[in-house]
Amino acid sequence: MAAKKLYESFSKGLFEDVHRWGSMKQTGVSLKYMMEFGSRPTARNLLISSQFLHKELPIRIARRVIELQNLPYGLSLKPAVLKVRDWYLDSFRDLRSFPDIKDQNDELEFTRMINLVKVRHNNVVPMMALGVQQLKKDLDPKVDYKDLYEIHQFLDRFYMSRIGIRMLIGQHVALHDPNPPPDCVGYIHTKMSPLEVARSASEDARCICLREYGSAPNVNIYGDPNFTFPYVPTHLHLMVFELVKNSLRAVEERFADSDKVAPPIRIIVADGLEDVTIKVSDEGGGIPRSGLPKIFTYLYSTARNPLDEHSDLETTGVATLSTLAGYGYGLPISRLYARYFGGDLQIISMEGYGTDAYLHLSRLGDSQEPLP
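Residues numbered from 1 in each chain as written. Predicted model: local features only at pLDDT ≥ 70, side-chain atom pairs only at ≥ 80, totals over all residues. Heavy atoms only, no water.

1. Some details on the sheet that holds strand S4 (residues 229–231)
Read across the open sheet, the 3 strands follow the order S1-S2-S4; overall the sheet is antiparallel. Each edge of the sheet is formed by a strand with only one pairing partner; in this case those strands are strand S1 (184–185) and S4. Sheet analysis places strand S2 (residues 188–192) next to S4, joined by 2 bridges and oriented antiparallel. The residue of S4 that forms the bridge with Met192 is Phe229. (Pairing = 2+ DSSP bridges. Helix = DSSP H or I, 4+ residues; strand = E, 2+ residues; numbered from the N terminus.)

2. Description of the packing of helix H2 (residues 12–22) against helix H4 (residues 43–68)
Angle between the axes and distance between the axes are the two parameters that describe a pair of packed helices. Two elements in contact, H2 and H4, have axes separated by 8 Å at closest approach and are oriented at 110°. If you check the angle between H2 and H4, you find them roughly perpendicular. In this structure, H2 uses Val18, His19, Trp21 and Gly22 to contact H4, whose residues at the interface are Lys55, Pro58, Ile59, Ala62, Arg63, Val65 and Ile66. A per-class count over the contact of H2 with H4 returns 7 nonpolar, 2 polar and 2 charged. (Axes fitted to C-alpha atoms, helices over the stretch in contact; angles between N-to-C directions. Parallel < 35°, antiparallel > 145°, perpendicular 65-115°, else oblique. Contact = heavy atoms within 4.5 Å. Nonpolar A, V, L, I, M, F, W, Y, C, P; charged D, E, K, R; others polar.)

3. Digging into the sheet that holds strand S6 (residues 275–282)
Reading across from one edge, S3-S5-S6-S8-S7 is the order of the 5 strands in this open sheet, with mixed pairing throughout. At either margin of the open sheet sits one strand with a lone partner, and together these are strand S3 (219–222) and strand S7 (344–350). Taking the axes of each pair of neighbouring strands and ignoring which way they run, one obtains an average angle of 15° across the sheet. As judged from the 4 bridges shared by S3 and strand S5 (residues 265–271), these two strands associate in the parallel manner.

4. Some points on the packing of helix H9 (residues 194–213) against helix H10 (residues 233–254)
Taken N-terminus to C-terminus, the directions of H9 and H10 make an angle of 40°; their axes are 8 Å apart at the nearest point. Compared by their axis directions, H9 and H10 come out oblique. Where H9 crosses over H10, the handedness of that crossing is right-handed. Between H9, through Pro194, Val197, Ala198, Ser200, Ala201, Ser202, Asp204, Ala205, Arg206, Ile208, Cys209 and Tyr213, and H10, the contact on the second element is made entirely by Pro233, Leu236, His237, Val240, Phe241, Val244, Lys245, Leu248, Arg249, Glu252 and Glu253. Considered class by class, the residues forming the contact of H9 with H10 number 14 nonpolar, 3 polar and 6 charged. (Left-handed = near helix turned anticlockwise from the far one by under 90°.)

5. Digging into the nonpolar core
Met128, Tyr159, Leu236 and Leu359 are the most contacted members of the largest nonpolar core, which has 103 residues in total. Tallying contributions element by element places helix H8 (residues 149–174) first for this core, with 11 residues. The contacts of Leu236, once residues within four sequence positions are left out, are Met192, Pro194, Val197, Tyr231, Ile278, Leu359 and Leu361. (Core = buried A, V, L, I, M, F, W, Y, C linked by side-chain atoms within 4.5 Å. Buried < 20%, exposed > 50% of the residue type's maximum accessible area, 1.4 Å probe, protein only.)

Below is the structure:
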């Protein structure tokens, strides 16, 4: 009944419009183009950018709505997934109802609107996680997670698309900053120091660990402090934070009842010809070989699950949802962030000793490949 009620809150015409736009081909934009175009944020360029997004964003959002309505195992009907679908429908409706952008005033109003769209979708990841938890509760316990291949494939596509949508909106909005930070072109830092980002992410992860356990292992970082390259700092921060958080938890729990001093987490930044690689190593006991195929799935986590499948979706606060993101989702989503720019994330584990995570980051300066 709840699903039917939510569905009927949108007109038939809106769903027809969704299917029409969802059948259109989306247009990829390369990072090289973003950097060159964004380096000259003139009124004319911002107008061209907004006109492009006015057509491109409805296509990308419509495709996600269509997928959200056709998920296997009844996932589409879970209350949390319906909530996410409604956010996407609201955003699609806002974009389609916005008139043609003809001048600077239109462009500024459009920019304010798409920024609100971005904010509306802030909690998509934890809300979808809640939907998956609702699905798991109803699944036959005899079902092997690998048999839910369709769910994993959908979530990979869904979250990769979300990264792309938020990159496009965030880049456009950031270009309006009258006083951008030095060497920044919107979201892109042309001279980003991976050591500095790794240090900041590690400090944030240690704060979480201290709050959770009352103590936290040290994090030692090695690499050239003067090395910089073009990248999106917020993306790198998210990935390193997740890897360090996992390592801190593993070490803290392994040495909780030990008289030995917990060994530090080690981060090494290597500047290669093809990739910049960040290695995060710990001595947290490792992952059993049988568990390695599961670590990049959305239905598996070694951490306690803080998501309450009985949560009231209308009253769950933004702050609450924000703190929930990541349990069982951190590794697969981090890998998507790496792959978005042509990189990757690999995990090598030695059970009984520890785990090495290799975060490969593509050099972006000359990349002309269209982004997802």
